Amino acid sequence: MLLLAGAPVNGIAQDAGHPEGVPQPTPAYTIDAVRYASIPGFRTAGLVMGADPAERTDIAMVFWVIRGAGRVVLFDSGFHRERWFSTFDVTDYLRPDSALTGLGVAATEVTDVIVSHAHWDHMGGIELFPEATVHIQREEYEYYTGAAWREGGRRGGIDEDDVVALVRRNLAGRVRLVEGDDVEVLPGIRAYTGARHTYASQYILVEGAEPFVLASDNGYLYRNFETRTAGATFLPTDRSGNEAALERMLRLAGSSDRVVPGHDALQFARFPSRGRVARIRAPG
Ligand SMILES: [Zn+2]
């Protein structure tokens, strides 16, 4: 079920659900990964629990583009705020709206941004896509616009300007809150929870004859899936929930080839790539 966080500007609420008893064909979405930056030499132990503390991995900074049925949907949005360049050693940076033009898509053509979670490098680009409706878990929205900033709140990796941008998008009537686990966000795109990387992060399944799961930070690297090892979690007690989610993502996709990790540069080797773009799923 979907609920609107505010009244839609145009008065029309798009209904992702199907009229009862009328089966709708699943849109034949294409899926592309866009690498807008890299962070070389990231501590692997920060991505795979228990990894050798000395091991380093070059990670890709990515958002995904899902196109079909008249929509351009981003899963995550990258970042653009200056302060994060001094916090992390970001290289090869191209602002996400510019990186998107590599697919021949203008930023204003983006209809929807599904935000996996509120961290700086995932929600930090929503302002770059001003026409888009932002889809985020209700609990994620409520926590990071509220309790996270009060005593005892956890707000590591959250940029307060991103939160303001999210609230502004809501004031403009273009935030849709996703109500928990196993929910159709848009026709043929379902959101799942259970991996508490943040307060209520989500991952998505793009349905079709060849279904794909886009994990975002709920599964950073192929290695998380191959060894069923959690990455960073909201609380240490969430480790088993995170590991169960890795298992579930593999089951939902039906093949390990169709689960795409959040920060693994290997996705640009395993799928046909050109420049910054990997073609995850070709037109059906
Ligand atoms: Zn994250």
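Small disclaimer: the values here were computed from a predicted structure and weren't measured.

What counts, and at which threshold
- Residue indices begin from 1 for each chain and proceed along its sequence in written order.
- Thresholds applied to this predicted model are a pLDDT of at least 70 for local features of residues and 80 or more for the giving and counting of side-chain atom pairs; totals over whole chains, interfaces and linings are not thresholded and use all residues.
- Think of it this way: any DSSP run of H or I at least four residues long counts as a helix, any run of E at least two long counts as a strand, and we number them from the N terminus.
- Any residue surrounded by 20 or more other C-beta atoms within 10 Å of its C-beta is treated as buried, while 12 or fewer makes it exposed and the intermediate range makes it partly exposed; C-beta atoms here are placed from the backbone.
- What counts as a contact is two residues whose backbone-derived C-beta atoms lie within 7 Å of each other.
- We treat two strands as partners when DSSP finds at least two bridges between them.
- Axis definition: a line fitted to C-alpha atoms, over the contacting stretch in the case of helices. Angles run 0 to 180 degrees between N-to-C directions.
- For every residue, the predictor reports its confidence as pLDDT, a number between 0 and 100.
- An expected span of 1.5 Å times one less than the residue number is assigned to each helix.
- Definition of nonpolar core: a set of buried Ala, Val, Leu, Ile, Met, Phe, Trp, Tyr and Cys residues joined via C-beta atoms within 7 Å.

Some details on the environment of T91
Locating T91 in the fold gives a position in the loop between α1 (83-87) and α2 (96-100). On the basis of neighbour count, T91 is assigned to the partly exposed category, with 13 C-beta atoms found within 10 Å. Sequence-wise, T91 and D264 are 173 residues apart; in three dimensions their C-alpha atoms are separated by 15 Å. Those residues in contact with T91, other than ones at most four positions away along the chain, are A37, S38 and P40.

Concerning the sheet that holds strand β8 (residues 183-186)
Hydrogen bonding along the main chain pairs the strands of a sheet, whether they run parallel or antiparallel. Pairing is mixed across the open sheet formed by five strands, whose spatial order is β8-β9-β10-β11-β12. Single-partner strands in this sheet number two, and they are β8 and β12 (259-261). For this sheet, the mean inter-axis angle between neighbouring strands, taken without regard to orientation, is 30°. Relative to β12, strand β11 (residues 212-216) runs parallel, the two sharing three bridges. Opposite V213, over in β12, you have V259 as the bridge partner.

A few points about the confidence of the model for the protein
Chain-level statistics for the protein give a pLDDT mean of 93 and a share of 92% at 70 or above. When the criterion is pLDDT under 50, residues 1-15 qualifies, and its contacts beyond four places in sequence or with other chains add up to 25 contacts.

Some points on the pairing of β11
Taken residue by residue, a regular strand's side chains alternate between the two faces of the sheet. Within β11, five of the five residues are buried, which leaves it mostly tucked inside the rest of the structure. Judged by which residues are buried, β11 turns out to be covered on both faces: F212, L214 and S216 on one side and V213 and A215 on the other are all buried. Of the strand pairs in this sheet, strand β10 (residues 203-206) and β11 are connected by three bridges, and their pairing is antiparallel. Following the sheet pairing, L205 is matched in β11 by V213. From the end of β10 to the start of β11, which pair antiparallel, there are five residues, and G208 there has a positive phi angle of about 145°.

Examining helix α5 (residues 160-171)
Taking 1.5 Å as the rise per residue, α5 with twelve residues should run 16 Å; its terminal C-alpha atoms sit 17 Å apart, in good agreement. Those residues of α5 that are buried lie in contact with α3 (120-123), β6 (133-137) and β7 (175-178). G173 sits one or two residues past α5 and shows a positive phi near 80°.

Some words on unusual backbone geometry
Positive phi is not limited to glycine here, since S216 has a value of about 50°. The topology assignment puts S216 in strand β11. The phi dihedral of R228 is positive, around 50°, even though this residue is not glycine. Given 13 C-beta atoms within 10 Å, R228 falls into the partly exposed group.

Regarding the nonpolar core
Of all hydrophobic cores here, the largest spans 67 residues; its most connected members are W64, V213 and L214. Here this core takes eight residues from strand β3 (residues 56-68), the largest share from any one element. Apart from the residues lying within four places of it in its own chain, the contact partners of L214 are W64, F75, Y203, I204, V206 and V260.

Things to note about the environment of D182
You can see D182 is positioned in the loop between β7 and β8. You can call D182 exposed: it has 11 C-beta atoms within 10 Å. Residues D182 and T44, 138 residues apart in the sequence, show an inter-C-alpha distance of 30 Å. Excluding its chain neighbours within four sequence positions, the residues that come into contact with D182 are R190 and Y192.

Some remarks on helix α7 (residues 239-253)
Over its 15 residues, α7 extends 22 Å from the first C-alpha to the last, a length consistent with the 21 Å expected when each residue adds 1.5 Å. In the core, the buried residues of α7 are packed alongside β10, β11, α6 (222-226) and β12. G254 occupies a position one or two residues after α7 and carries a positive phi of about 80°.

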